[in-house]
Each structure stands twice: as C-alpha cells, then as structure tokens.
Amino acid sequence: MSVKSNIFLIGLMGSGKTTIGKQIAERLKKTFYDSDYEIEKRTGVSIPVIFDIEGEEGFRNRETRMLDELTQKENVVVATGGGAILREANRTYLRDRGTVIYLRADIDELLKRTRRDRNRPLLNNGARRATLEKLLQQRGPLYQQEADVEVDTGSLSATQVAKNIMALLVTDK
C-alpha cells in the first residue's frame, strides 16, 4: 500500500476517529480536521440543531460540501462523520484523495463510548444498541469496501491505536 499525503478516518460514531486522528496528525506533523466540528464552526450551531432544522438530508448535503473542501487540502488527517460513507461522492473524495482507515469497534464498546454523548442525533431515540447495530449492518460493508486499512480500536487506548496505525503506515509503504 502506498500512503498518500492525506489520511481519512472512517467508522461508526464512538470508534475513536477524532481522538485517534488528533494523535496521528500530531505524530505525522499534519493538520487535523474533524468534519462535524468544521460544519458546526461554519454554521455556528450544533449537529443536532442542523438535524432539527434541515433534517438528515440537509446535514448530509453540508457534510458532502465540507468533505469535498477538506479532502482537497494537502497533508491533513480528517475524521469523517460516521454516515459520510453513505454518499458515493464522499466515497470518491476519500478514495481518490488519500489513505482511508476504517476504525472499528464492537457494539458494546461503541455503546460504552457514546453513553453520555447527547450530540449524536441518530442515537437520541432511546434505542441506542438497536440503532448502532442497524448502522453497523448498513455501513459496515461500505467502510470495509473503501478502507485501505482496517484497525480494531477495541479496548485499546487511543494512544496504542495511533501507534498501531503508525506502524502499519510505515511498514506498508
């Protein structure tokens, strides 16, 4: 595998994309972006507010525009939103403009990591486990299809996962 200058992290919410992405960016001296945070910064409101006002479709439109912008930058690590993989345009941006890393964790771990987070509109329905299972069933094959590298974040610390990814990127060149 040849590593492109950009690294894009994909995976379900709670898989560690932001936390691990920041560490990878720091180690590789790249600029880190979280696409959801960039959308919030640009709009001045939280993702749940965007969902409330524009619905998921409106949010996904914003997400696609943001990913197009971020993936055109050079020497970046981008943590994508969990659902970014659903749109073909987003998959093309990721595939064509960088190395795609799928961070995966099992449902129990994802539940543990997201249990106190109220900033995830898709999980604020009272059926968190069922929602995560459905999302994994729907998105898992797309994550696997688009990934250059798959990394199980499991119960490892973010630092250890970042070290494991660094080792993979260095040895797979």
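Residues numbered from 1 in each chain as written. Predicted model: local features only at pLDDT ≥ 70, side-chain atom pairs only at ≥ 80, totals over all residues. Heavy atoms only, no water.

1. A few points about the sheet that holds strand β1 (residues 7–10)
The strands that make up a sheet pair up through hydrogen bonds in the backbone, lying either parallel or antiparallel. With respect to topology, five strands assemble into an open sheet ordered β2-β3-β1-β4-β5, the strand pairing being parallel. Sheet topology places β2 (31–34) and β5 (149–152) at the edges, where each strand pairs with a single neighbour. Each strand axis lies, on average, 20 degrees off the axis of its neighbour in the sheet, ignoring direction. Relative to strand β3 (residues 76–79), β2 is paired through four bridges, and the arrangement is parallel. (Pairing = 2+ DSSP bridges. Helix = DSSP H or I, 4+ residues; strand = E, 2+ residues; numbered from the N terminus. Axes fitted to C-alpha atoms, helices over the stretch in contact; angles between N-to-C directions.)

2. Observations regarding the packing of helix α2 (residues 35–43) against helix α3 (residues 47–71)
Geometry of a packed helix pair, given as the angle between the helix axes and the separation of the axes. Their axes nearest at 9 Å, the elements α2 and α3 cross at an angle of 110 degrees. The angle between α2 and α3 falls in the class roughly perpendicular. Where α2 crosses over α3, the handedness of that crossing is right-handed. Facing α2, whose interface residues are Ser-35, Asp-36, Glu-38, Ile-39, Glu-40, Arg-42 and Thr-43, α3 presents Ile-47, Ile-50, Phe-59, Arg-62, Glu-63, Met-66, Leu-67, Glu-69 and Leu-70. (Parallel < 35°, antiparallel > 145°, perpendicular 65-115°, else oblique. Left-handed = near helix turned anticlockwise from the far one by under 90°. Contact = heavy atoms within 4.5 Å.)

3. Looking at the environment of Ala-147
Mapped onto the secondary structure, Ala-147 falls in the loop between α6 (128–146) and β5. For Ala-147, a relative accessible area of 19% corresponds to the buried category. In this structure the C-alpha to C-alpha distance between Ala-147 and Leu-103, which are 44 residues apart in sequence, comes to 9.3 Å. Among residues more than four places away in sequence, those in contact with Ala-147 are Val-100 and Tyr-102. (Buried < 20%, exposed > 50% of the residue type's maximum accessible area, 1.4 Å probe, protein only.)

4. Focus: the side chain of Lys-30
Along the chain, Lys-30 turns up in the loop between α1 (17–28) and β2. Of the side chains with opposite charge, Glu-74 comes closest to the buried, unpaired Lys-30, at an N-O distance of 8.0 Å. Engagement of the side chain of Lys-30 in a polar contact is seen with the backbone oxygen of Ser-5, the distance being 2.4 Å. Those residues in contact with Lys-30 that sit more than four places away from it in its chain are Ser-5, Ile-7, Ala-25, Asn-75, Val-76 and Val-77. (Lys, Arg positive; Asp, Glu negative; His and termini not counted. Salt bridge = Lys/Arg side-chain N within 4 Å of Asp/Glu carboxyl O. Polar contact = N/O pair within 3.5 Å; in protein donor to acceptor, adjacent residues only side chain to side chain.)

5. As for the packing of aromatic side chains
Throughout the structure, instances matching the rule amount to two aromatic pairs. Between Phe-51 and Phe-59, the ring centres sit 5.2 Å apart and the planes meet at 35 degrees, which makes this aromatic pair tilted. Phe-59 matches Phe-51 in its accessibility class, with the two residues each being buried. The interplanar angle of 35 degrees and the centroid separation of 4.9 Å between the aromatic rings of Tyr-102 and Tyr-143 together place this pair among those described as tilted. Placement of Tyr-102 in strand β4 (residues 99–104) and of Tyr-143 in helix α6 is noted, with a sequence separation of 41 residues between them. Both residues of the pair, Tyr-102 and Tyr-143, count as buried. (Phe/Tyr/Trp six-rings, centres within 6.5 Å; stacked < 30°, edge-to-face > 60°.)

6. Examining the environment of Tyr-102
A residue is classified by how much of its surface remains accessible, and Tyr-102, at 4% relative accessible area, is buried. In sequence terms Tyr-102 and Gly-11 are 91 residues apart; their C-alpha atoms lie 5.5 Å from each other. Those residues in contact with Tyr-102 that sit more than four places away from it in its chain are Ile-10, Gly-11, Leu-136, Gly-140, Tyr-143, Gln-144, Ala-147, Val-149, Glu-150 and Val-151.

7. Comments concerning the packing of α3 against helix α4 (residues 88–97)
Relative orientation of the contacting elements α3 and α4 amounts to 10 degrees, with a least axis distance of 9 Å. Taken together, the axes of α3 and α4 lie roughly parallel to each other. Together, Glu-63, Thr-64, Leu-67, Asp-68 and Thr-71 of α3 and Ala-89, Asn-90, Tyr-93, Leu-94 and Arg-97 of α4 make up the contact between the two elements. Looking at the contact of α3 with α4 residue by residue, the class counts come to four nonpolar, three polar and three charged. (Nonpolar A, V, L, I, M, F, W, Y, C, P; charged D, E, K, R; others polar.)

8. Concerning the nonpolar core
One finds Ile-10 and Val-78 to be the most contacted residues of the largest nonpolar core, which totals 30 residues. The dominant element in this core, judged by the number of residues it contributes, is α3, at seven residues. Leaving out residues up to four positions away in the same chain, Ile-10 has contacts with Lys-17, Thr-80, Ile-85, Leu-94, Val-100, Ile-101, Tyr-102, Leu-103 and Tyr-143. Core analysis: the second largest hydrophobic core is formed by 17 residues, Ile-7, Ala-25, Ala-79 and Ile-165 among them. (Core = buried A, V, L, I, M, F, W, Y, C linked by side-chain atoms within 4.5 Å.)

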